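Below are the chains, spelled out letter by letter.
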Amino acid sequence: MSPGPARGRTPGPDGGAGRRSPSRRWQLVRANADAVPPSTRRFMARARQRRMRAALPWAVAAAVLAVAGLVAWTVLGTGLFGVREVRVVGARLVTPVQIRDAAAVPDNEPLARVDLDATARKVGTLPPVASATVERQWPDTLVIRVRERTAVAAVPQGDGFVVVDGSGVVFQRLDRAPDGLPQVRVARPGPDDPGTRAGLAVLAALGEKLRAELVAVDVAGLARITLLLRGERQVFWGDASRGTDKSTVATSLLNRKADRIDVSAPDVVTFE
């Protein structure tokens, strides 16, 4: 038996072995747009639009967050908007340098990070300052506005005087009493001192005419308050009660020739 033809080969015309049969080759061909049905194209276009519309808010949000983060970092974390000037408004009894030292705001501290209330409280610890407010003025200025205490009386202390406001707070020390400021003579001036409060209450009750004659309010005790007037005259006031009545009676008797007028009981007045 003769062997059959070799596997995988095609017999030639002469009966011999021929060439291998050609193998298949695949090639991807992009379909023409016209080959896609219009309905499919419209569906795909709408799908792309929906995806774009759905992604747009997220993209915008991400962009906004990125910008906000950059701005926050610039304002809060760098010295680009740092404090370069501290402006003081309303100070007469204290210097701007004293106020800046009390505020203790470092140079180039980010303006947005300055605690305004805490800074105002620091400035308020200065004795002459009754209150303070602090505000930002962009891009680099801190404005400190102060309201100083109003002098009501001078109190002799040692070789000089201390000045108190209407609450009895001591906020200034001087070598001599300021011109035109009445004196209140107490041992320990201060807002918590009963003698100081009584002396200031009497001072506040005086009418204009009586105040014009006043040299000092002498508080020897809470029930031993005396007005020292010009010409070495005295008005014994007693305690601080019934101040308006006592002031009215004492004012009406200023023309009397008396070295001492006792209005401690304003319904029964005595002279000396």
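Look up: the structure comes first, before these words.
What counts, and where the lines are drawn
- Residues numbered from 1 in each chain as written.
- Predicted model: local features only at pLDDT ≥ 70, side-chain atom pairs only at ≥ 80, totals over all residues.
- Heavy atoms only, no water.
- Helix = DSSP H or I, 4+ residues; strand = E, 2+ residues; numbered from the N terminus.
- Contact = heavy atoms within 4.5 Å.
- Areas by Shrake-Rupley, 256 points an atom, 1.4 Å probe, with all protein chains shown as cover.
- Buried < 20%, exposed > 50% of the residue type's maximum accessible area, 1.4 Å probe, protein only.
- Polar contact = N/O pair within 3.5 Å; in protein donor to acceptor, adjacent residues only side chain to side chain.
- Arc of directions from axis to C-beta.
- 1 Å grid on protein atoms, 1.4 Å probe; cavity = no way out; pocket = protein on both sides within 12 Å on 5 of 7 lines; lining within 4 Å.
- Points joined across faces, edges and corners; volume = space filled by probe spheres on them.
- Salt bridge = Lys/Arg side-chain N within 4 Å of Asp/Glu carboxyl O.
- Core = buried A, V, L, I, M, F, W, Y, C linked by side-chain atoms within 4.5 Å.

A. Representation of the overall build of the chain within the structure. Within the chain, the secondary structure is distributed over six helices and 14 strands. Within the chain, residue pairs in contact and separated by at least 24 positions form 43% of the contacts whose partners lie at least 6 positions apart. Entry remark: accessible area of the chain is about 18200 Å², with carbon and sulfur atoms responsible for 54%.

B. Quick look at the side chain of K246. Topologically, K246 is positioned in helix 6 (residues 243-252). With a relative accessible area of 1%, K246 lands in the buried category. At a separation of 2.9 Å, a polar atom in the side chain of K246 contacts the main-chain carbonyl oxygen of D239.

C. Representation of unusual backbone geometry in the model. Note that the residue after W138, namely P139, is joined by a cis bond; omega there is 10 degrees. Within the secondary structure, P139 is located in the loop between strand 4 (129-137) and strand 5 (141-148). Although it is not a glycine, R242 adopts a positive phi angle of roughly 55 degrees. In this fold, R242 is placed in the loop between strand 12 (233-238) and helix 6. When its relative accessible area of 40% is taken as the criterion, R242 is described as partly exposed.

D. Quick peek at helix 2 (residues 96-103). When we look at burial in helix 2, the residues that qualify are I99, A102 and A103. For helix 2, the arc enclosing every buried residue in end-on projection is 100 degrees, short of the 170-degree limit, so these residues lie on one face. Those residues of helix 2 that are exposed and angled more than 90 degrees off the buried face are V97 and D101. Those residues of helix 2 that are buried lie in contact with strand 3 (85-89), helix 3 (116-124) and strand 5.

E. Representation of the layout of surface pockets within the structure. For the largest pocket, the calculated volume is near 200 Å³. As for the largest pocket, its lining consists of A177, P178, D179, G180, L181, P182, Q183, R211, A212, L214, V215 and R230. Contributions of two or more residues to the lining of the largest pocket are made by helix 5 (208-213) and strand 10 (214-221).

F. Up close: the pattern of salt bridges. Summed over the entire model, instances satisfying the criterion amount to eight salt bridges. Between E135 and R145 there is a salt bridge; the shortest N-O distance is 3.4 Å. Taken as a pair, E135 in strand 4 and R145 in strand 5 lie far apart in primary sequence, ten residues in all. One salt bridge in this structure joins K246 and D239, with 3.2 Å as the shortest N-O distance. Salt bridges sharing partners connect three or more residues here, namely R242, D245 and D267.

G. Expanded view of the nonpolar core. Ranked by size, the top nonpolar core spans 27 residues in total, and within it V184, L203, L210, V217, L227, V235 and W237 carry the most contacts. Of all the secondary structure elements, the ones that give two or more residues to this core are strand 6 (153-157), strand 7 (160-164), helix 4 (194-205), strand 10, strand 11 (224-229), strand 12 and helix 6. The leading source of residues in this core is helix 4, at four residues. Residues within four places of V235 in sequence aside, it is in contact with I225, T226, L227, L229, A250, I261 and V263. Residues V94, L126, V134 and I144 belong to the second largest nonpolar core, which totals 20 residues.

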